Amino acid sequence: MTISDQPSTAVSDLDAIFRLYHRELNRFAYRKLGDREAAADVVQDAFVRYLSADAQRADAARLDSPRFFLWRIVGNLMIDTIRRKRRQGIHATWDEITEDVVDPAPLPDRLLETREEFRLVKEALETLSPNCRQALLLNRVEGLTHAQIAGRLGVSPSMVSKYIMSALRRCMNALAAPDAAL
């Protein structure tokens, strides 16, 4: 056997060995890792390492038990994979952890701002006519349609639209006024 024949012999041996053992090695790795992709990567790396070890032994005899050697490589690679995952920790998207990280209570300055905005809107609502205030509250708080509000107030749906627009305009102006003063 010449040196040029050795790689093709190793490749054909690897093909036969791959056909014999890859399925059982994949099942073994999947049971331990619980991830099909990670298991396939580990088994593929194991065959690459087997081929590398087999090529380094070109002068020496071929490996006596390729199955045992592959199982050993897969076992070691799984240990490395598990250790790497432990070191890296759990990966999660920002949306998955936001509830755990963000304090649901507003900061004191935001709380003060919100209270001030509420006071301004409340004062603006108090200056509205009763029908105008009632139309806005029925629409925005209770979720009633313009037709339903019109039936309750005894006005047309078009008048309900005008009431709501007037009320919203008054509230927006009340909120904008403090900003204009700054």
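Refer to the preceding data block for the structure.
What counts and what doesn't
Residues numbered from 1 in each chain as written. Predicted model: local features only at pLDDT ≥ 70, side-chain atom pairs only at ≥ 80, totals over all residues. Heavy atoms only, no water. Helix = DSSP H or I, 4+ residues; strand = E, 2+ residues; numbered from the N terminus. Expected span 1.5 Å × (residues − 1). Buried < 20%, exposed > 50% of the residue type's maximum accessible area, 1.4 Å probe, protein only. Contact = heavy atoms within 4.5 Å. Salt bridge = Lys/Arg side-chain N within 4 Å of Asp/Glu carboxyl O. Patch = residues over 30% accessible without salt bridge, like charges linked within 9 Å, V, L, I, M, F, W, Y side chains within 5 Å. Areas by Shrake-Rupley, 256 points an atom, 1.4 Å probe, with all protein chains shown as cover. Lys, Arg positive; Asp, Glu negative; His and termini not counted. Charge placed at Lys NZ, Arg CZ, Asp CG, Glu CD. Axes fitted to C-alpha atoms, helices over the stretch in contact; angles between N-to-C directions. Parallel < 35°, antiparallel > 145°, perpendicular 65-115°, else oblique. Left-handed = near helix turned anticlockwise from the far one by under 90°. Nonpolar A, V, L, I, M, F, W, Y, C, P; charged D, E, K, R; others polar.

Caption draft 1: Quick look at helix α3 (residues 66-88). Between its first and last C-alpha atoms α3 spans 32 Å; for 23 residues at 1.5 Å apiece the expected length is 33 Å, and the two agree. Turning to α3, its buried residues number three or more, namely P66, L70, I73, V74, G75, L77, M78 and T81. Looking one or two residues past α3, G89 carries a phi angle of roughly 80 degrees, positive in sign.

Caption draft 2: The arrangement of the side chain of T81 in detail. Inspection of the secondary structure assignment puts T81 in helix α3. Sequence-distant contacts of T81, that is, excluding residues within four places in its chain, are made with L33 and V42.

Caption draft 3: Up close: the environment of F28. Its location among the elements puts F28 in helix α1 (residues 5-33). Sequence-distant contacts of F28, defined by excluding residues within four places in its chain, comprise W71, V74 and M78.

Caption draft 4: Quick peek at the pattern of salt bridges. Inspection of the entire model under this criterion finds seven salt bridges. Measuring nitrogen to oxygen at the nearest pair gives 2.9 Å for the salt bridge that ties R110 to E113. Taken together, the residues R110 and E113, both in helix α5 (residues 108-126) and three residues apart, mark about one turn of the helix. Look at R110 and you get partly exposed, because its relative accessible area is 38%. Take E113: its relative accessible area is 43%, and that puts it in the partly exposed class. Taking the shortest distance from any N to any O, the salt bridge between R119 and E116 comes out at 2.4 Å. Highlighted residues: R119 and E116, both in helix α5, separated by three residues, approximately one helical turn. Using a relative accessible area of 34% as the deciding quantity, one classes E116 as partly exposed.

Caption draft 5: Fine view of a negative patch on the surface. Residues D35, E37, D41 and D45 make up a contiguous surface patch of negative charge. Within the element layout of this structure, D41 appears in helix α2 (residues 36-56).

Caption draft 6: Main features of the packing of helix α6 (residues 130-140) against helix α7 (residues 146-153). Where α6 contacts α7, the two axes come as close as 10 Å, and the packing angle between them is 140 degrees. Taken together, the axes of α6 and α7 lie oblique to each other. In this structure, α6 crosses over α7, and the sense of that crossing is right-handed. Listed contacts from α7 to N131, Q134, A135, L138 and N139 of α6 are H146, I149, R152 and L153. Looking at side-chain class alone, the contact of α6 with α7 contains four nonpolar, four polar and one charged residues.

Caption draft 7: View of the side chain of N139. Inspection of the secondary structure assignment puts N139 in helix α6. The exposure class assigned to N139 is buried, which follows from its relative accessible area of 17%. Contact partners of N139, with chain neighbours within four places excluded, come to L144, H146, I149 and I164.

Caption draft 8: Structural view of the environment of L25. Examined against the element boundaries, L25 turns out to sit in helix α1. A residue is classified by how much of its surface remains accessible, and L25, at 0% relative accessible area, is buried. When the C-alpha atoms of L25 and A40 are compared, they prove to be 8.9 Å apart, with 15 residues separating the residues in sequence. Not counting the four nearest positions on each side in its chain, L25 is found in contact with V43, F47, L70, W71 and V74.

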